[in-house]
Amino acid sequence: MASTPPASKSRFLVLHDYGMGGAWWWVHARSPREILETFAEVEVVDSTEAVERADRDLDEVDIDIDEPTMPPGLDGLRAKRDAQRGRPGSGTLADRSIVHLRRRCGG
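Bear in mind that the values here come from a model prediction, so they are computed numbers and not experimental data.

(A) The nonpolar core, seen in detail. Counting 13 residues, the largest nonpolar core has W25, V27, I35, F39 and L74 as the members making the most contacts within it. Of all elements in the fold, only β1 (10-17), β2 (22-29) and α3 (74-85) reach the threshold of two or more residues within this core. Per-element tally for this core: the top contributor is β2, with 3 residues. What I35 contacts, discounting residues up to four positions off in sequence, is F12, V14, V27, A29, V42, V44 and I65. The next biggest cluster of nonpolar side chains, apart from the first, holds 6 residues, and it includes L13, W26, V45 and A50.

(B) How the structure looks around the sheet that holds strand β3 (residues 43-45). Read from one edge to the other, the open sheet built from 4 strands follows the order β3-β1-β2-β4, with strand pairing classed as mixed. Every other strand in the sheet has two partners, leaving β3 and β4 (63-64) as the edge strands with one partner each. In this structure, β2 lies alongside β4, joined through 2 bridges in parallel fashion. By the bridge assignment, V27 is partnered in β4 with I63. Relative to β1, helix α2 (residues 48-57) is tilted by about 95 degrees, and along the sheet it contacts β1, β2 and β3.

(C) Structural view of the side chain of T38. Looking at the secondary structure, you find T38 in helix α1 (residues 32-38). What makes T38 buried here is its relative accessible area of 15%. Here the side chain of T38 touches E34 through a polar contact of 2.6 Å, landing on its backbone oxygen. Here T38 is in contact with I65, L77, R78, R81 and R85, once residues within four sequence places are set aside.

(D) Representation of the packing of aromatic side chains in the model. Here the structure, examined in full by the defined rule, presents 0 aromatic pairs. A cation sits over an aromatic face here: R11 above W26, 3.5 Å from the ring centre.

(E) The pattern of salt bridges, seen in detail. Under the defined criterion, the tally for this structure stands at 9 salt bridges. For K9, the salt bridge identified is with D66, shortest N-O distance 2.5 Å. On the criterion of sequence distance, the pair formed by K9 in the segment before β1 and D66 in the loop between β4 and α3 is long-range, its members being 57 residues apart. Overall, K9 belongs to the partly exposed group, its relative accessible area being 30%. A salt bridge links R53 to E49; its shortest N-O distance comes to 3.3 Å.

(F) Up close: the environment of D17. Summarising the element assignment, D17 is placed in strand β1. It is 7.8 Å that separates the C-alpha atoms of D17 and E41, two residues lying 24 residues apart in sequence.

Definitions and limits used
Residues numbered from 1 in each chain as written. Predicted model: local features only at pLDDT ≥ 70, side-chain atom pairs only at ≥ 80, totals over all residues. Heavy atoms only, no water. Core = buried A, V, L, I, M, F, W, Y, C linked by side-chain atoms within 4.5 Å. Buried < 20%, exposed > 50% of the residue type's maximum accessible area, 1.4 Å probe, protein only. Helix = DSSP H or I, 4+ residues; strand = E, 2+ residues; numbered from the N terminus. Contact = heavy atoms within 4.5 Å. Pairing = 2+ DSSP bridges. Axes fitted to C-alpha atoms, helices over the stretch in contact; angles between N-to-C directions. Polar contact = N/O pair within 3.5 Å; in protein donor to acceptor, adjacent residues only side chain to side chain. Phe/Tyr/Trp six-rings, centres within 6.5 Å; stacked < 30°, edge-to-face > 60°. Lys NZ or Arg CZ within 6 Å of the ring centre and 35° of its normal. Salt bridge = Lys/Arg side-chain N within 4 Å of Asp/Glu carboxyl O.

What follows is the structure, encoded as structure tokens:
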């Protein structure tokens, strides 16, 4: 049986917005979903303007998602996602673009 070759990686612009500012990284991964499943509290930024600005202003740091150690900031976000993954119901809402919540009224 032939094995499937691993998917190639692309460079993605990743933001952790912590309220009073943000931390930005270039992360090499197979998909935006892989990034969101690996790091807590980040977004993959794909606006052309933001990517072009980051190309000019953000120091290129080759962060490979498969590396065992991450730079400061990103290491804690990976540890946080790892801890979340072990909780019951983790990932229940993944890949849902709309979520309807129902609140029980006490009576």
